[in-house]
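Chain by chain, the residues run as shown.
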Amino acid sequence: MSNIKTLIDNRPSSVAALFLERVTTTPDAEAYRYPTPSASDEGPDNWKSLSWAQSAERVYAIAAGLIELGIQPEERVALSSNTRIEWILTDLAIMCAGAATTTIYPSTNAEESAYILSDSGSRILVAENATQLTKVVQQHSHLPDLAHIVVIDTEGADFKEDWISSLADVEKRGYAYLEKYPNLIRERVDAITKDKLATLIYTSGTTGRPKGVRLLHDNWSYMAKAASGAPEANDLLYLWLPLAHVFGKVLTSVHIEVGHVTAVDGRVEKIPNNLRVLRPTYMAAVPRIFEKIYNGIAAQARAGGAVRYKLFQWAASTAHKYAKTTQDALRSTGSATASFSLTSKHKVADALVYSKVREAFGGGMRICISGGAALAPEIGYFFAGAGIHILEGYGLTESSAASFLNPAEANRTATVGKPLPGTEVRIADDGEIMLRGPGIMEGYHGLPEKTAEVLESDGWFHTGDIGELSPDGYLRITDRKKDLFKTSGGKYIAPTEIEGQFKALCPYVSNILVYGADRNFCTALIALDESSILDWAKDHGLEGRTYENIVTNPATIAMIGKYVTELNKKVQPWQTLKIFRILPRDLTAERGEITASLKLKRPAVEHEYQHLIEEMYAGTREA
């Protein structure tokens, strides 16, 4: 801890400066691994590598190309692309040019993309492909600040306009520009001060327009140092998270500080194969991914017959007991021990079940980090007991993502760990978590009134989350302040707690929204995972039917009802779900029902399915 404090106290002014240091220190070490898109083979030979020196050569050329296009310090360069090696190289290039990155999810529609480009005043857009290019070209007449568009994948892209060029061309022009001005990048990086804008990340927001969060170079330099305790120098990070999200930005910053290898591939459908091929030691994900893996394992066990499913249930229960027992023992005695009987059961379960779970993660996973939303404790304990240690963390876009993280040597499931060194925390009288420290944003872009609502003059930031601190500093999040509701009977309900428990019970659920504000009882809207429920349907006489037909079938409703009954046995009487409805389709980011990081947008879902909510309460007697 003292070493990290020293690192923080002596941090450079920017991650760009940190990158230059890394390149000088370990120029020949492997920095990145990335897939070759044209290869048909999905084995390890399908991956190429870049050393730190090779990465720097490309980064500096792209930076010089942007400068040659006229980009000035702190001017915004927008990035609209899936996670890929070019995203990282371009983001580093933008920083090395002294400019600032505006991030846009590639799933963002044309109208909102135009809004972000306009509100941010972005001068250049780096677009992944023809699809991203077309969205913006359609809106170009309404974007007077946008002077140039750069395209990564040129296939199908229209380059008839002189303000559109390829990334390869910009890079080529950059090499030529550096021949004239060989000290250009060093001069730009040396001119960066910690109070200059580095990143403009737009919150997905549940209502209204997204807000641009202004994060300075010092925010990321701090993050690179403060969060560097999780990975080790010999780790292989598998990075697939959206880099438009603040979580991904933390990972790339810490990578430069630690110097481990990062394998980059944002294709979600490739995750199972990439885990097998890469055998990573370190990965970060949002809870929905761990939920899907857990539910997939449970569904496979169920498909294997009654005996196999009972074995899984026994192993899952043993994993939960073993993880909780050893964590509690470590907390109270300083030694992660369990009884001889439990340890013996755990060894048997490990040979029969847990070893296969670890192989599903590639066989070499040392730690996973979960953030972006709460991970159901039951799922966390299962994986911990199976030898996959998921360290939950906590933060917001406004706090540069990582404010809390569980320590690997003393992980405590159902908490988000301790604050990062240099971050202060306090719990307000109403239970709201307040943060202060070098990770906190400068403010919302062009919105001083909105900034003043959440950021006090002495630096304390209102997170909007409710939580509790243990005596030894571990934080437990109970809910979003705005999501808490009170029933007509006066009972406060934290819906995410109930939703998390249901996700741990039901392997077929994708999303669930618990409702009950000012009502006499709670209800739920449940969306099912399409692939899981189609597999279930094959074994229950519903093979060949459409998803829409399956979710309305009485057999499906009865099956989900059994899981609701099981949930109701575990919660308080006022938390039980009296009625539920299965939605006709899953929730999507494209429809604005979940965020790009897979968090539920409650107002949008409640509005879309208000008729189902009213139907659940129709004809009932409410106080």
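For clarity, every value in this text was computed on a predicted model and none was experimentally measured.

Another aspect to go through is the overall build of the chain. Counting its regular elements, the chain contains 22 helices and 26 strands. Scaling as 2.2 N^0.38, a compact globule of 623 residues should have a C-alpha radius of gyration of about 25 Å, and the chain matches this with 25 Å. Every one of the 623 residues in the chain was classed for burial, and the buried ones make up 56%. For the chain, contacts bridging at least 24 residues in sequence account for 67% of all contacts bridging at least 6. With the model as given, the accessible surface of the chain reaches about 26,300 Å², and the carbon-plus-sulfur share is 50%. Positive and negative side-chain charges in the chain, numbering 66 and 75 respectively, have mean positions lying 6 Å apart.

The phi torsion at Arg279 lies on the positive side, around 50°, for a residue other than glycine. Mapped onto the fold, Arg279 is located in the loop between helix H11 (271–278) and strand S12 (282–285). In this structure Arg279 comes out as partly exposed when scored by relative accessible area, which is 42%. At Ser400, a residue that is not glycine, the phi angle is positive and equals roughly 60°. Mapped onto the elements, Ser400 comes out in the loop between strand S14 (390–394) and strand S15 (404–405). Judged by its relative accessible area of 0%, Ser400 is buried.

So, on to empty space enclosed by the protein. Per the stated rule, a full pass over the model turns up four cavities of 30 Å³ or more. In this structure, the largest cavity spans a volume of roughly 60 Å³. Contributing to the lining of the largest cavity are Val15, Trp87, Ile88, Asp91, Leu92, Met95, Lys249, Thr252, Ser253 and Ile256. Going through the elements one at a time, helix H4 (85–96) and helix H10 (246–258) are the ones with two or more residues in the lining of the largest cavity. At five residues, H4 tops the list of elements feeding residues into the lining of the largest cavity. Grouping the constituent residues of the lining of the largest cavity by class yields six nonpolar, two polar and two charged.

Turning our eyes to something else, we now look at the nonpolar core. Within the largest apolar cluster, 131 residues are counted, with the highest numbers of intra-cluster contacts made by Phe19 and Phe383. A per-element tally of this core places H4 first, with nine residues. With residues up to four places along the chain from it excluded, the contact list for Phe19 reads Trp52, Ser55, Ala56, Val59, Tyr60, Leu92, Cys96 and Ile256. If you look at the next biggest cluster of nonpolar residues, it comprises 30 residues, including Cys506, Ala524, Ala537 and Ile560.

Of note, Ala316 is situated in helix H13 (residues 306–333). A residue is classified by how much of its surface remains accessible, and Ala316, at 13% relative accessible area, is buried. Separated by 59 residues in the primary sequence, Ala316 and Glu257 have C-alpha atoms spaced 37 Å apart.

A few words now on the sheet that holds strand S4 (residues 100–104). Spatial strand order, S7-S6-S5-S3-S4-S8-S9-S19: eight strands in an open sheet with mixed pairing. Here the strands that pair on one side only, and so sit at the sheet edges, are strand S7 (164–166) and strand S19 (443–444). Sheet topology places strand S5 (residues 124–127) next to strand S6 (residues 148–151); four bridges connect them, and they run parallel. For Ile124, the partnering residue across the bridge sits in S6 and is His148. Those strands touched by H4 are strand S3 (76–80), S4 and S5, and its axis lies near 175° from that of S3. Sitting on the sheet, helix H9 (residues 217–226) is in contact with strand S8 (197–202) and strand S9 (212–216), with an inclination near 65° to S9.

Tallied over the full model, the rule gives 16 aromatic pairs. Seen in terms of ring centroids, Tyr508 and Trp536 are 6.5 Å apart; in terms of plane orientation they differ by 65°. Their pairing is edge-to-face. Of this pair, Tyr508 sits in the loop between helix H17 (495–505) and strand S24 (509–515) while Trp536 sits in helix H18 (residues 530–538), and the two are 28 residues apart along the sequence. For the pair Tyr508 and Trp536, a shared accessibility class is recorded, and that class is buried. When the ring of Phe521 is compared with that of Tyr617, the centres are 4.9 Å apart and the planes differ by 35°; the resulting orientation is tilted. Remark: Tyr617 occurs in helix H22 (residues 610–617) and Phe521 occurs in the loop between S24 and strand S25 (522–528); sequence separation between them is 96 residues. The pair Phe521 / Tyr617 is uniform in exposure class, with both members buried. An aromatic cluster of at least three residues, connected via ring pairs, comprises Phe290, Tyr294, Tyr309, Phe312, Phe361, Phe382 and Phe383.

Bringing helix H20 (residues 554–568) into the picture now. For H20, spanning 15 residues, the distance from its first C-alpha to its last is 21 Å, which sits close to the expected 21 Å at 1.5 Å a residue. Tucked inside the fold, the buried residues of H20 contact helix H12 (287–303), H17, S25, H18, helix H19 (547–551) and strand S26 (577–582). Measuring from the backbone nitrogen of Ala555 back to the side-chain oxygen at the start of H20 gives 2.9 Å, which picks out Asn553 as the cap.

We now examine the environment of Ala127. Within the secondary structure layout, Ala127 lies in strand S5. Note on Ala127: relative accessible area 0%, which makes it buried. Taking the C-alpha atoms as reference points, Ala127 and Trp87, 40 residues apart in sequence, are found 9.7 Å from one another. Apart from residues no more than four positions distant in its own chain, Ala127 is found in contact with Ser80, Gln132, Leu133, Ile149, Val150, Val151 and Ile152.

The rules behind the values
- Residues numbered from 1 in each chain as written.
- Predicted model: local features only at pLDDT ≥ 70, side-chain atom pairs only at ≥ 80, totals over all residues.
- Heavy atoms only, no water.
- Helix = DSSP H or I, 4+ residues; strand = E, 2+ residues; numbered from the N terminus.
- Rg over C-alpha atoms; globule rule 2.2 N^0.38 Å.
- Buried < 20%, exposed > 50% of the residue type's maximum accessible area, 1.4 Å probe, protein only.
- Contact = heavy atoms within 4.5 Å.
- Areas by Shrake-Rupley, 256 points an atom, 1.4 Å probe, with all protein chains shown as cover.
- Lys, Arg positive; Asp, Glu negative; His and termini not counted.
- Charge placed at Lys NZ, Arg CZ, Asp CG, Glu CD.
- 1 Å grid on protein atoms, 1.4 Å probe; cavity = no way out; pocket = protein on both sides within 12 Å on 5 of 7 lines; lining within 4 Å.
- Points joined across faces, edges and corners; volume = space filled by probe spheres on them.
- Nonpolar A, V, L, I, M, F, W, Y, C, P; charged D, E, K, R; others polar.
- Core = buried A, V, L, I, M, F, W, Y, C linked by side-chain atoms within 4.5 Å.
- Pairing = 2+ DSSP bridges.
- Axes fitted to C-alpha atoms, helices over the stretch in contact; angles between N-to-C directions.
- Phe/Tyr/Trp six-rings, centres within 6.5 Å; stacked < 30°, edge-to-face > 60°.
- Expected span 1.5 Å × (residues − 1).
- Polar contact = N/O pair within 3.5 Å; in protein donor to acceptor, adjacent residues only side chain to side chain.

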